Amino acid sequence: MNSHSDVVDALVSAGADVNTPAHNGQSPLKAACTADQTNCIKLLAAAGADVNYQDMDGHSLVYSMALDNRPLAIRLLVNAAAGEHCLVSVYSLSPTCIF
């Protein structure tokens, strides 16, 4: 194993649940987005990771990545939604309201 994406690929291939949050409530997809792990984001999304997952504050991944100024992660998440409604926040806050 040489990279995070190799580990993600191995776990997904072994049947790991890509939506099981860590003890702190963070989803694997949010962890990948926060760490700028582009390949991991793509692998997790392709494996069915929930792009509309909300954190304990009710914020979606897109909203959280907008707060963190991570435009690449936002693009990958929106592309992964592929026509689905991409939730912004439980409070109906759009990522554009923070700019």
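Everything that follows concerns the structure shown earlier in this document.
Structure report, in brief.

Secondary structure assignment for the chain yields five helices and zero strands. Overall, the chain shows an N-to-C arrangement of helices and strands of α-α-α-α-α. Counted over contacts in the chain with a minimum sequence separation of 6, partners at least 24 positions apart contribute 68%.

Our focus in this paragraph is the packing of helix H1 (residues 4-13) against helix H3 (residues 38-46). It is the contact of H1 with H3, at a shortest axis distance of 8 Å, that shows an interaxial angle of 15 degrees. Considering their axes alone, H1 and H3 lie roughly parallel with respect to each other. Where H1 crosses over H3, the handedness of that crossing is right-handed. For the pair formed by H1 and H3, the contact residues are His4, Ser5, Val8 and Asp9 on the first element and Asn39, Cys40, Leu43 and Leu44 on the second.

So, on to the nonpolar core. Ranked by size, the top nonpolar core spans 19 residues in total, and within it Leu29, Cys33, Ile41, Leu44, Met65 and Leu77 carry the most contacts. If you list the elements that add at least two residues to this core, you get helix H2 (28-34), H3, helix H4 (61-67) and helix H5 (71-81). Broken down by element, the residue count for this core peaks at five residues, all from H5. Look past the residues within four positions of Met65 in its chain and what remains in contact with it is Lys30, Cys33, Thr34, Arg70, Ala73, Ile74 and Leu77.

A word on the pattern of salt bridges. Counting across every chain of the model gives three salt bridges. Ionic pairing is found between Asp36 and Arg70, a salt bridge with its closest N-O pair at 2.8 Å. With Asp36 in the loop between H2 and H3 and Arg70 in the loop between H4 and H5, the pair connects residues that are 34 residues apart, well separated along the chain. The salt bridge partner of Asp68 is Arg70, with a shortest N-O separation of 3.9 Å. By relative accessible area, Arg70 is classed as buried at 19%. Each of the salt bridges in this network shares a partner with another, and the network as a whole consists of Asp36, Asp68 and Arg70.

Okay, the environment of Gln54 next. By secondary structure assignment, the location of Gln54 is in the loop between H3 and H4. By relative accessible area, which is 28% here, Gln54 ends up partly exposed. In this structure, the C-alpha to C-alpha distance between Gln54 and Gly25, residues 29 residues apart in sequence, is 9.4 Å. In terms of polar contacts, Gln54 uses its side chain to reach the backbone carbonyl oxygen of Gly58, at 3.5 Å.

What follows concerns the side chain of Arg70. Among the polar contacts made by the side chain of Arg70, one reaches the main-chain carbonyl oxygen of Thr34 at a distance of 3.1 Å. Those residues in contact with Arg70 that lie beyond four places of it in its chain are Cys33, Thr34, Asp36 and Met65.

Cut-offs applied
Residues numbered from 1 in each chain as written. Predicted model: local features only at pLDDT ≥ 70, side-chain atom pairs only at ≥ 80, totals over all residues. Heavy atoms only, no water. Helix = DSSP H or I, 4+ residues; strand = E, 2+ residues; numbered from the N terminus. Contact = heavy atoms within 4.5 Å. Axes fitted to C-alpha atoms, helices over the stretch in contact; angles between N-to-C directions. Parallel < 35°, antiparallel > 145°, perpendicular 65-115°, else oblique. Left-handed = near helix turned anticlockwise from the far one by under 90°. Core = buried A, V, L, I, M, F, W, Y, C linked by side-chain atoms within 4.5 Å. Buried < 20%, exposed > 50% of the residue type's maximum accessible area, 1.4 Å probe, protein only. Salt bridge = Lys/Arg side-chain N within 4 Å of Asp/Glu carboxyl O. Polar contact = N/O pair within 3.5 Å; in protein donor to acceptor, adjacent residues only side chain to side chain.

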